[in-house]
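# Geometric and topological summary
Chain by chain, the residues:
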Amino acid sequence: MTEDGVPGAPAFPMPRTCPFSPPREYAELRAARPLSRVTLQDGNTAWLATSHEYVRTLLGHPATSANRAHPGFPATVANVQAFAQKGFLLSMDQPEHSLHRRMVAAEFTVHRIRQLRPRIQQIVDDRIDALLAVETRPVDLVRELALPVPSLVICELLGVPYGSRDVFQGHTEVLLARSSSPQQRQESFGALRAFLGDLVTSKDGDPDDDLLGRLSVKYRAADCYDHELLTGFAMLLLLAGHETTASMISLGLLALLRDERLATQLTDDPTLTPNAVEELLRYFSIVDYPTARVALADIDLGADRVRAGEGFVASAAAANHDGDVFADPATIDFRRGVRGHVAFGYGVHQCLGQNLARAELEIVYDTVLARLPAMKLLTSPEEQPFKEATVYGLHSLEVTW
């Protein structure tokens, strides 16, 4: 990165002053200059893109690198290099990225996820059965529903014993928390990787019919088996597919509990649920600044230029609240067309598991509204314990009925 200590460059990441809106500075920067300098936690500077057009242009540009080990990669979190691990698709550049993404893409197609929906529905029903059996209230929806559902799904997908969920759940929270020290992240990263390495080893000699077992067979057939790569891929799926979906489950339910009108729309017309999921993904944009890159060549955006070697952050939350693309972006509207949102990223690194996430969210929202129609918040929506972390979400969501 260059131009360290640019005068007036605001600090980044920026906090949300309203829990239901992105940082207010995004709109101010977008109106004044949609590509602006910001100061990172390590004192260096990077570019911040805040318009929908610039975000998509940068994320789709071939002359960029997602390699966290690149010296110009912007340090949006401490020890960002820890995520430059073998098997982490989000840190791979071409042609390596396409090679490995093709190997796993079949596990996340619309058809494959459709086959998983009955099992996801059963998992959700079991969790709600457990909720209904609780004799004392309030109950915490994060602990009892939002975290267990994606945990069970990803455990079954990978072949992880569900009894081990506390191991990766605890370490995941440390890795994604903005307040974690580099040493804490390093320790949790090492412990989680060792746990998953043992799991991959268990698939080597006798692969089960689960995702890791099938990938083990596929990579061996292609004569490119790599234990470390499969371990990294398993870790990426746990980090990316567990905490993110849990956060969207809890935030989406909070939005429905906050506004009875929205809940009524879905109960009156369940065909709206897929649109509702897209709109809630756009509205909350929980994975905002991990969409960082470094330019490999000069990239011109209007009157501005990101020079080769400079880092940039393409803010998903800013893009998804761009009023030039989404009318009245601060309002949740289940009837708007939002397929252009970038909550799952954009370009070659667009989220591999987005079809799975959509299925889980649709099933949870519909099932909760059908089976717990009298659910209500214990305290006001604004008083909920929101967490400012790499993945935005809730620490807890206490409800009664």
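## Looking at the overall build of the protein
Looking only at helices and strands, one finds 14 helices and twelve strands in the protein. Taken against the 2.2 N^0.38 rule, which gives 21 Å for 401 residues, the C-alpha radius of gyration of the protein at 21 Å falls within 12% of a compact globule. On the principal axes, the C-alpha backbone points of the protein span a range of 60 × 55 × 40 Å. Counting the 401 residues in the protein, one finds 54% classified as buried. Within the protein, residue pairs in contact and separated by at least 24 positions form 71% of the contacts whose partners lie at least 6 positions apart. Accessible area of the protein: about 16300 Å², with a carbon and sulfur share of 52%.

## Points about the pattern of salt bridges
On inspection of all chains with the given rule, the structure shows 20 salt bridges. For Asp209, the salt bridge identified is with Arg214, shortest N-O distance 2.9 Å. Here Arg214 falls in the partly exposed class, since its relative accessible area comes to 23%. If you follow the salt bridges from partner to partner, you end up with Arg127, Asp140, Arg143 and Glu144 in one network.

## Focus: the sheet that holds strand S9 (residues 376–377)
Ordered in space as S4-S12-S9, the three strands form an open sheet in which the pairing is antiparallel. The open sheet terminates on both sides in strands that have one partner only, identified here as strand S4 (139–140) and S9. Across two bridges, the pairing between S4 and strand S12 (residues 398–400) is antiparallel. The residue of S12 that forms the bridge with Asp140 is Glu398.

## Topic: helix H12 (residues 273–284)
Between its first and last C-alpha, H12 extends 16 Å over twelve residues, near the 16 Å set by a 1.5 Å rise per residue. Buried within H12 are the following residues: Thr273, Ala276, Val277, Glu278, Glu279, Leu280, Leu281, Arg282, Tyr283 and Phe284. Residues of H12 that are buried make contact with helix H10 (227–258), helix H11 (260–268), helix H13 (316–320) and helix H14 (354–371). A positive phi of about 45° marks Ser285, the residue just after H12.

## Thoughts on the environment of Thr231
Looking at the secondary structure, you find Thr231 in helix H10. Here the alpha-carbon distance between Thr231 and Phe344, two residues 113 residues apart in the chain, equals 23 Å. When residues no more than four places from it in sequence are discounted, the contact partners of Thr231 are Arg193, Leu196, Gly197 and Val200.

## Some points on the confidence of the model for the protein
Scored by pLDDT, the protein comes out at a mean of 89, with 95% of its residues at no less than 70. Of the regions scoring below 50 in pLDDT, residues 1–5 engages in 20 contacts with residues more than four places distant in sequence or in other chains.

## Quick look at the pairing of strand S8 (residues 311–314)
Side chains Gly311 and Val313 project from S8 onto one buried face, and the interleaved Phe312 and Ala314 project onto a second face that is buried too. Taken together, the three bridges between strand S2 (residues 45–49) and S8 define a ladder with parallel strand orientation. Of the residues in S8, the one forming a bridge with Trp47 is Phe312. Sheet topology note: the strand S5 (residues 292–295)/S8 ladder contains three bridges and is antiparallel.

Reading the values: rules and limits
- Residues numbered from 1 in each chain as written.
- Predicted model: local features only at pLDDT ≥ 70, side-chain atom pairs only at ≥ 80, totals over all residues.
- Heavy atoms only, no water.
- Helix = DSSP H or I, 4+ residues; strand = E, 2+ residues; numbered from the N terminus.
- Rg over C-alpha atoms; globule rule 2.2 N^0.38 Å.
- Buried < 20%, exposed > 50% of the residue type's maximum accessible area, 1.4 Å probe, protein only.
- Contact = heavy atoms within 4.5 Å.
- Areas by Shrake-Rupley, 256 points an atom, 1.4 Å probe, with all protein chains shown as cover.
- Salt bridge = Lys/Arg side-chain N within 4 Å of Asp/Glu carboxyl O.
- Pairing = 2+ DSSP bridges.
- Expected span 1.5 Å × (residues − 1).
- pLDDT = per-residue confidence, 0-100.

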